[in-house]
Amino acid sequence: MGFLDKQFSDDNIVITTAEDLFNWARLSSLWQVSFGLACCAIEMMATSASHYDFDRFGVIPRPSPRQSDVIIVSGTVTLKMALRIKRLYEQMPDPKYVISMGSCSNCGGPYWEHGYHVLKGVDRVIPVDVYVPGCPPRPEALLEGLMKLQEKIRNESVVKKSA
Amino acid sequence: MKTSEEIYNLLKEKFNNKIIELTSAASVEPFIVVDPLIIHEVCFYLRDDNDLQFNSLMNLSGVDNANGEKKPEVDGSITISGGTLSVVYHLESTELKHKVILKVFTPRENPEVQSVSDVWRCADWHEREAYDLIGINFLNHPDLRRILMPYDWEAGHPLRKDYKNPEFYHGMKVPY
């Protein structure tokens, strides 16, 4: 984070760059769209609950995509649901991020061959920032995925688009 | 409490040749085959008769028997023509503690079965599912729409044995 950590003798002054400040603010309060799709959503709820405590990373569920920064696609994306997910994503204000949680939303999971109703990966409809593998991933894995996303945001640049 | 055979005899007495046969083998539970265009009346009788009192429809499922003529296609899939589809009814009387299984067979090309949704209300959604996935038309059903697949799904009924999934749905690639 650079200068933001270093305090001067006068308590009220912190020196940093605008970029670092924006990135720090963004990665420290990733509000997520409050929605879940399948069994992964149970693990996501467990991650939000007191034991794993998503809130210590600044992640709290918001009931509206208009107030959210990150969408955690937690579960099987059916073709019927894919259109709704795309709409939810489009309703979110920029900057917005996507975590694909679990095998189903990564690549179709167990439905990859015979799932006539399943989209084989949510990245076919919306761009994904972090893929969390597992079926379903444990809360630790989701936290790891979130920290990966935070790392990504930390290295973002206002003028240069990150990969 | 009545056995399937006793129930079969009662039905045979009332509906005679519309009740087709009773099949009982040691390996499976016995079932009664009924004409698909009288099943509504039969079910009303089974529910309302004092000696039967089948007040609960435990399950209603559609089956693709895939017993028609199978023709292999160049892409490895098959198409089936002729043969039958069937609907299976599992009934239970919670009063008299007996159960019975009914089956109806209907031609694959024009699958029509009477709806029993006004006999047991739960049959409404079960029949919508059988319509959605197998493609059985339930006559006199109040609201025969797809229940699981999207309303605008055009590729047919997914649990048919010769079903082919589409390449694209609303611009999304469907195969892996």
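(A) Fine view of the interface of chain B and chain A. Counting residues at the interface gives 17 residues for chain B and 14 residues for chain A. Both faces considered, chain B and chain A share a buried interface measuring about 1,200 Å² in area, 70% of it formed by carbon and sulfur atoms. For chain B, the biggest contributors to the area lost against chain A are B:M172, B:V174 and B:Y176; these three give 46% of the whole. Run the count over chain B and chain A and you get zero salt bridges. Applying the counting rule to chain B against chain A returns five residue pairs in polar contact (both at pLDDT 80 or more). Within the side of chain B that touches chain A, the residues separate by chemical class into 14 nonpolar, two polar and one charged.

(B) Quick peek at unusual backbone geometry. In this chain, A:D94 is followed by A:P95 through a cis amide linkage whose omega measures -10°. Cis rather than trans, the peptide bond between A:C135 and A:P136 has omega equal to -15°. A positive phi angle, close to 60°, is found at B:K97, a residue other than glycine. One non-glycine residue, B:H170, lies in positive phi territory at about 50°. Here B:H170 lies in the loop between β10 (168-169) and β11 (172-173).

(C) Focus on the sheet that holds strand β6 (residues 84-93) of chain B. Residue and element names in this part refer to chain B. Spatially, β1-β2-β7-β6-β3 is the arrangement adopted by the five strands of the open sheet, whose pairing is mixed. Looking along the sheet, the strands with just one partner apiece sit at the ends: β1 (19-23) and β3 (56-64). If you compare each strand with its neighbour and ignore which way they point, the axes differ by 20° on average. The pairing of strand β2 (residues 31-34) with strand β7 (residues 98-107) spans three bridges and is classified as parallel. By the bridge assignment, V34 is partnered in β7 with V104. Contacts between helix α1 (residues 4-15) and the sheet are confined to β1, β2 and β7, with β1 contributing the most and set at about 170° to the helix.

(D) Local environment of the environment of A:I126. Residues and elements named next belong to chain A. With respect to the helices, strands and loops of the structure, I126 is situated in the loop between α4 (103-107) and β5 (130-132). C-alpha separation for the pair I126 and W112, spaced 14 residues apart in sequence, amounts to 18 Å. If we ignore the near neighbours within four places in the chain, the residues touching I126 are V73, I85, K86, Y89 and V98.

(E) Looking closely at the packing of α1(B) against helix α2 (residues 39-48) of chain B. Residues and elements named next belong to chain B. Relative to each other, α1 and α2 sit at 125°, their axes nearing to 12 Å. In terms of orientation, α1 and α2 fall into the oblique class. Judged by the sense of rotation from one axis to the other, the crossing of α1 with α2 is right-handed. Every residue of α2 that contacts α1 at I7, L10, L11, K14 and F15 is listed here: E41, V42, Y45 and L46. Taken together, the residues that form the contact of α1 with α2 break down as seven nonpolar, no polar and two charged.

Cut-off values and rules
Position numbers for residues count from 1 along each chain, tracking the sequence in the order it is written. Labels are handed out in written order, letters beginning with A for the chains and numbers beginning with 1 for the ligands. Note on the predicted model: pLDDT of at least 70 is required for a residue's local features to be given, and 80 or more for side-chain atom pairs to be given and counted; whole-chain, interface and lining totals, by contrast, use all residues. Values reported for side chains reflect all heavy atoms of the structure, with hydrogen atoms and water molecules removed beforehand. Here, two residues are considered to be in contact whenever any of their heavy atoms come within 4.5 Å of each other. Two parts lose some accessible area (1.4 Å probe) when they are put together, and adding that loss for both gives the buried area. The working definition used for a salt bridge is a side-chain nitrogen of Lys or Arg within 4 Å of a carboxyl oxygen of Asp or Glu. Throughout this description, a polar contact denotes any pair of N or O atoms lying within 3.5 Å of each other; where both atoms belong to protein, one of them has to be capable of donating a hydrogen while the other can accept it, and for residues adjacent in sequence the pair is counted only when both atoms sit in side chains. Classification used: nonpolar for Ala, Val, Leu, Ile, Met, Phe, Trp, Tyr, Cys and Pro, charged for Asp, Glu, Lys and Arg, polar for all others including Gly. Under the scheme used here, helices are H or I runs from DSSP no shorter than 4 residues and strands are E runs no shorter than 2 residues, and both carry numbers assigned from the N terminus. Criterion used throughout: strands pair if DSSP finds at least two bridges between them. Orientation is described by axes fitted as lines to C-alpha atoms, over the contacting stretch for helices, and by angles from 0 to 180 degrees between their N-to-C directions. Note on terminology: angles under 35 degrees are roughly parallel, angles over 145 are roughly antiparallel, angles of 65 to 115 are roughly perpendicular, and the others are oblique. Each helix crossing is assigned a hand: it is left-handed if the near helix lies turned anticlockwise from the far helix by less than a right angle, otherwise right-handed if that turn is clockwise.

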